[in-house]
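Topology and contacts: notes
If you want the building blocks of each chain, they are given just below.
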Amino acid sequence: MAEPIRVVVTGAAGQIAYSLLYMIARGEVFGKDQPLILHLLDIPPMVDVLEGVIMELTDCALPLLRNVVPTTDPAVAFKDVAAAFLVGAMPRREGMERKDLLSANVKIFKIQGQALDKYANKDVKVLVVGNPANTNAAVCAYYAPTIPRENFTAMTRLDQNRAQAQIASKVGVPVADVKNVIIWGNHSSTQFPDANHAVVMIGNTEKSAIETVGDAEYLKTSFIDVVQKRGATVIAARKMSSAMSAAKAACDHMHDWWFGTPAGKFVSMGVMSDGSYDTPKDVVYSFPVEIKNKQWKIVQGLPINDFAKSKMALTSKELLEEKNEAMAVCSAD
C-alpha cells in the first residue's frame, strides 16, 4: 500500500467538516488504497468539540486513517500537507449578505496563505470552501507566493451539483445522466449557472439539455434563480448553512482534481483567471475545466451568447469589487 499523505481540514469541529472528514477518511476522495494522516485545525474555543470529532473518527475504525493531528496552530496544521480543505470561516447567518463576511474572513485566509507558503508541500492542492470562497482563495494565493497560483481553487462544485440536479429533476432522469452544466464566476448570487453546453443522456443517446428540457425561458429564469439562491433557501429552512451537500461537493472537487475528468466531461472550479472568455485576470473565477495528471485546464472555444455574456460580466464586476475590498482589508491589517 502507498505511503500515507497528509491532508488538512480547517474548521474541523464545524458542521461541514463533520460530514467531510468521514468521506475523506473512508477513501472517497484520494482512493481506497491511499492511507491518510488527517490534520484538524480549529480555533481554541472549539477544542473540546474537536476532541469529540476525533473520538468518532476513532470509533469508525477506518482502515485508511493512520493518524489524526488536532491543533489550533497553523504551523502544525499545514506542515507537509499534500491537500488542504479550507473550510473554517465565519458562517453566514440568515439575512446576512456575503459582503458582510468579507472583512472578517479575508484576515483568516491571509494567515492561512502565509502558513501554507511556509509549511506545506509546494505542490499542495488547496480547495477553499469558506465564504466568500473565490476571494478567499485569491487572498490565500497572494500570501503564498512560492506555491503555484494554479494550486489554489475555490469551490463552485456545490453550485454545479445543484444545477445538475435541477435539470435531472426537470427532465426526469438520474442525476448521473446530466453532465457539462457550467457555473461561471463567483460562488454567490451573481453566479451564472449555464445549461447551454449541458448534455443529457436519454436512453443511449446524448442530447443537449436545451433540447431535452424544451423550455428556453425556464433555463434563463427559474433555473438560474433557484441555483443562485439555493444556499439562502437552505439557510431559511434549516436555520444553518448547507453542510452535507457542501461536504459532498468538496469531495467531488478534490477527487476530480486528484484523478482527472473523463474524456468529454468537464467540471466547474473557481481558478485563477487568465482572461479567458473576456473575464478579468487575476481573480478566482469559476470556469469549466478538464483535468489530467492533477492539472486543470480551462475548456476553450465554447460559444457564448449575448445573454450569457451579460451574466458573466455581472459576476466579474462583483469579483473585482470583492478582491479590491479584500486586499484593502489585508493591507490595513
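Here the structure is a predicted model, which means the values were calculated and not measured. Numbers given to residues run from 1 along each chain, matching the order in which its sequence is written. Per-residue local features of the predicted model are confined to residues with pLDDT of at least 70, and side-chain atom pairs are confined, for both listing and counting, to 80 or more; whole-chain, interface and lining totals are unaffected and use all residues. Each side-chain value is worked out from all heavy atoms of the structure, with water and hydrogens disregarded.

**Some points on the sheet that holds strand β11 (residues 205-208)**
Stated precisely, the cut-off is as follows: In this analysis, strands are considered paired if DSSP registers two or more bridges between them. Put simply, DSSP marks the helices as runs of H or I at least four residues long and the strands as runs of E at least two long, and each gets a number from the N terminus on.
Reading across the sheet, the three strands line up as β7-β10-β11 and stay open at both edges, with antiparallel pairing between neighbours. Two strands close off the open sheet at either side, each with one partner strand: β7 (178-179) and β11. In the sheet, β7 pairs with strand β10 (residues 199-202) via two bridges, with the strands oriented antiparallel. By the bridge assignment, V178 is partnered in β10 with V200.

**Considering the UniProt feature "active site" (unreviewed entry) in the chain**
The test is simple: UniProt positions are given in the numbering used here, feature names are shortened, and annotations may be inferred rather than shown by experiment.
UniProt records the feature "active site" (unreviewed entry) for H187 in the present numbering. You can see H187 is positioned in the loop between β8 (182-184) and β9 (192-194).

**Here we look at the packing of aromatic side chains**
Inclusion rule: Aromatic pairing here means that ring centres of Phe, Tyr or Trp (its six-membered ring) are within 6.5 Å. Orientation follows from the plane angle: under 30 degrees is stacked, over 60 is edge-to-face, and everything else is tilted. Burial classes follow relative accessibility: with a 1.4 Å probe on protein chains only, a residue under 20% of its type's maximum area counts as buried, one over 50% as exposed, and anything between as partly exposed. Here, over-ring charges are defined by two tests on the NZ atom of lysine or the CZ atom of arginine: distance to the ring centre within 6 Å, and angle to the ring normal within 35 degrees.
Evaluated as defined, the whole model comprises eight aromatic pairs. Residues F30 and F85 carry aromatic rings whose centres are separated by 6.4 Å and whose planes lie at 80° to one another, so their mutual orientation is edge-to-face. You can see F30 sitting in the loop between α1 (15-25) and β2 (36-41) and its partner F85 sitting in strand β4 (residues 83-86), a full 55 residues away along the chain. Across the pair, exposure class does not vary: F30 and F85 are buried alike. Centroid distance Y142 to Y143: 5.0 Å. Interplanar angle 80°. Geometry classified as edge-to-face. Aromatic rings pair up to connect W184, Y277, Y285 and F287 into one cluster. Between K170 and the ring centre of Y218, over which it is positioned, the NZ or CZ distance is 4.2 Å. Between K220 and the ring centre of F307, over which it is positioned, the NZ or CZ distance is 5.2 Å.

**Remarks on unusual backbone geometry**
Comment: phi is negative for the bulk of residues other than glycine, and the bulk of peptide bonds are trans. The omega torsion of the bond from N131 to P132 falls at -5°, within 30 degrees of zero and hence cis. Mapped onto the elements, P132 comes out in the loop between β5 (125-128) and α5 (133-142). A positive phi angle, near 55°, is found at Y277, a position not held by glycine. Position of Y277 among the secondary structure elements: in the loop between β12 (267-272) and β13 (284-292). On the accessibility criterion, Y277 (18% relative accessible area) is buried. Even without glycine at this site, K294 takes up a positive phi of about 65°. Along the chain, the position of K294 falls in the loop between β13 and β14 (295-298).

**Examining the pattern of salt bridges**
What counts is decided by this rule: Salt bridges are identified by distance alone: a Lys or Arg side-chain nitrogen within 4 Å of an Asp or Glu carboxyl oxygen.
Per the stated rule, a full pass over the model turns up eight salt bridges. For D225, the salt bridge goes to K229, with nearest N and O atoms at 3.1 Å. According to the relative accessible area criterion, D225 is partly exposed, its value standing at 35%. Since its relative accessible area comes to 45%, K229 is described here as partly exposed.

**What to know about the UniProt feature "domain: Lactate/malate dehydrogenase C-terminal" (unreviewed entry) in the chain**
When the UniProt feature table is mapped to this numbering, "domain: Lactate/malate dehydrogenase C-terminal" (unreviewed entry) covers residues 156-328. Helix makes up 46% of residues 156-328 and strand 20%, with an end-to-end C-alpha separation of 25 Å.

**Observations concerning helix α6 (residues 157-171)**
Just so we agree on the cut-off: Expected span of a helix, by definition, is 1.5 Å for each gap between consecutive residues, and there is one gap fewer than residues.
An ideal rise of 1.5 Å per residue puts 21 Å on 15 residues; α6 measures up with 21 Å between its terminal C-alpha atoms. With respect to burial, α6 is a largely interior element, 11 of its 15 residues being buried. Those residues of α6 that sit buried are R157, L158, D159, Q160, N161, R162, A163, Q164, Q166, I167 and A168. Immediately beyond the C-terminal end of α6, within one or two residues, lies G172, with a positive phi of roughly 85°.

**Considerations on the domain arrangement of the chain**
Put simply, the rule reads: Those domain boundaries reflect an automatic or database domain assignment. Accessible area, probed at 1.4 Å, shrinks when two parts are joined; the buried area is that loss added up over both. Throughout this description, a polar contact denotes any pair of N or O atoms lying within 3.5 Å of each other; where both atoms belong to protein, one of them has to be capable of donating a hydrogen while the other can accept it, and for residues adjacent in sequence the pair is counted only when both atoms sit in side chains. Here the term charged refers only to Asp, Glu, Lys and Arg, the term nonpolar to Ala, Val, Leu, Ile, Met, Phe, Trp, Tyr, Cys and Pro, and the term polar to all other amino acids, Gly among them.
Taken domain by domain, the chain consists of domain 1 (5-154) and domain 2 (156-322). On a C-alpha basis, the centres of domain 1 and domain 2 stand 23 Å from each other. Across the domain 1 to domain 2 interface the summed buried area is about 3,100 Å²; carbon plus sulfur atoms make up 63%. The largest per-residue losses of area from domain 1 upon contact with domain 2 belong to Q15, K125 and N134, which jointly make up 20% of the total buried on that side. Linking domain 1 to domain 2 there are one salt bridge. A salt bridge links R149 to D282; the nearest nitrogen and oxygen atoms lie 3.0 Å apart. Inspection of the domain 1/domain 2 interface yields 11 residue pairs in polar contact (both at pLDDT 80 or more). Mapped by element, the contributors of at least two residues to the side of domain 1 that touches domain 2 are α1, β4, α4 (98-119), β5, α5 and β6 (152-154). Across the side of domain 1 that touches domain 2, the residue classes tally to 20 nonpolar, eight polar and nine charged.

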